[in-house]
Amino acid sequence: MSNKVIIFSAPSGAGKSTIVNHLLGLRPDLEFSISATSRAPRGKEQHGVEYYFFSADEFRKMIAEDKFVEYEEVYAGSFYGTLRSEVERIWAKGHAIVFDIDVQGGVNLKRIFGDQALSVFIQAPSVEVLRERLVGRGTDTEEAIERRVAKAASEMEFAAGKFDYVLVNDDLAKAKAEAEGLIDEFLKK
Ligand code: ADP
Ligand code: 5GP
């Protein structure tokens, strides 16, 4: 296996973290890409664990120095991106890189890495089920849930035809097995 990347994108609540964490626990040859960001750490987040944290000025300087494979200003003043050094760090260990990234970022990464990349869009069986899962997760206010659900509908439309696979996460055990199969096949190539 050499220099491969696996990209997971999904509307919030579709089950991306659940499936990605399952795969990372199963396969020691996969490694999660830690993004750089200029937003402030939340709660117990640590530099080099959840993100690499920088000031907006430091981030802009690194953009000028061409240190990023890709970056986006996701919210005004809050930059997020993938450092070239992170990609090199993971490939140097012989691991495949796993990206957990929003839909736009996923499409950008697939364009950058081409055949080296497997891009998977995870989708809930319906918008109603997505809403139920977000309610069940219990981490968002009612307002935030409605915002995420509305965004999900436009993300699904935008994603159509832009990913290598669409994985419908209905029965979780089946979705995990399907994801395992996709990765086995891709890493064998
Ligand atoms: P995301 O990372 O895409 O925002 P999560 O992985 O946090 O989504 O999943 C959202 C919620 O739905 C979690 O509470 C998770 O346990 C639950 N969940 C994930 N997949 C399924 C499934 N197939 N059936 C029922 N609940 C699920
Ligand atoms: P949060 O601040 O909630 O951790 O992340 C906000 C958003 O930034 C999410 O939609 C997430 O997918 C996106 N994001 C995280 N890392 C990257 C990255 O490296 N590149 C891009 N383009 N977006 C990212």
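Given the structure is predicted, the values throughout are model-derived calculations rather than measurements.

In the vicinity of ligand 2 lie 13 residues, with Ser35, Arg39, Tyr51, Glu72 and Tyr80 positioned nearest. Measuring from an oxygen atom of ligand 2, one finds a backbone N or O atom of Gly81 at 3.3 Å. At a separation of 3.4 Å, an oxygen atom of ligand 2 approaches a polar side-chain atom of Thr82. When the free accessible area of ligand 2 is taken as 520 Å², the share hidden by the protein chains comes to 84%. The set of elements that each furnish at least two residues to the shell around ligand 2 consists of β5 (68–75) and β6 (78–83).

Right, let's talk about the pairing of β6 for a bit. Of all the 6 residues making up β6, 6 are buried; the element is thus mostly covered by neighbouring parts of the structure. Where burial is concerned, the two faces of β6 agree: the one with Ser78, Tyr80 and Thr82 and the one with Phe79, Gly81 and Leu83 are both buried. In this sheet, β6 lies alongside strand β3 (residues 35–37) in antiparallel orientation, the contact comprising 2 bridges. Paired with Ala36 across the strands is Gly81, a residue of β6. Bridge count between β5 and β6: 6 bridges; the pairing is antiparallel. The residue bridging Glu72 from the neighbouring strand is Tyr80, located in β6. Between the end of β5 and the start of β6, which pair antiparallel, lie 2 residues, with Gly77 showing a positive phi angle near 80°.

In low-pLDDT regions, the fine details of the predicted coordinates are not to be read closely. Scored by pLDDT, the protein chain comes out at a mean of 94, with 99% of its residues at no less than 70. Averaged over each element, pLDDT in the protein chain is lowest for helix α6 (residues 142–159) (90) and highest for helix α3 (residues 84–92) (98).

Turning to the site of ligand 1, a few remarks are in order. Among the 13 residues in the neighbourhood of ligand 1, the closest are listed as Gly13, Lys16, Ser17, Thr18 and Asn169. Between ligand 1 and Thr18, the relevant distance is 2.5 Å, taken from an oxygen atom to a side-chain nitrogen or oxygen of the residue. About the coverage of ligand 1: the protein hides 74% of its 580 Å² of free accessible area. For the shell around ligand 1, the elements supplying multiple residues, two or more each, are α1 (16–26) and α5 (127–137). The dominant element in the shell around ligand 1, judged by the number of residues it contributes, is α1, at 3 residues. Looking at side-chain class alone, the shell around ligand 1 contains 3 nonpolar, 6 polar and 4 charged residues.

Throughout the structure, instances matching the rule amount to 17 salt bridges. Of the charged contacts in the structure, one is a salt bridge between Asp29 and Arg27, with a shortest N-O distance of 2.7 Å. Classification of Arg27 by relative accessible area gives buried; the value is 18%. Close ionic contact of Arg89 with Glu31 constitutes a salt bridge, the shortest N to O distance being 3.0 Å. One end of the pair, Arg89, is in helix α3; the other, Glu31, is in strand β2 (residues 30–32), with 58 residues separating them in the sequence. We classify Glu31 as buried; its relative accessible area is 15%. Salt bridges sharing partners connect three or more residues here, namely Glu31, Glu86, Arg89 and Lys93.

The rules behind the values
Residues numbered from 1 in each chain as written. Chains lettered and ligands numbered in written order. Predicted model: local features only at pLDDT ≥ 70, side-chain atom pairs only at ≥ 80, totals over all residues. Heavy atoms only, no water. Near = heavy atom within 4 Å. Polar contact = N/O pair within 3.5 Å; in protein donor to acceptor, adjacent residues only side chain to side chain. Areas by Shrake-Rupley, 256 points an atom, 1.4 Å probe, with all protein chains shown as cover. Helix = DSSP H or I, 4+ residues; strand = E, 2+ residues; numbered from the N terminus. Buried < 20%, exposed > 50% of the residue type's maximum accessible area, 1.4 Å probe, protein only. Pairing = 2+ DSSP bridges. pLDDT = per-residue confidence, 0-100. Nonpolar A, V, L, I, M, F, W, Y, C, P; charged D, E, K, R; others polar. Salt bridge = Lys/Arg side-chain N within 4 Å of Asp/Glu carboxyl O.

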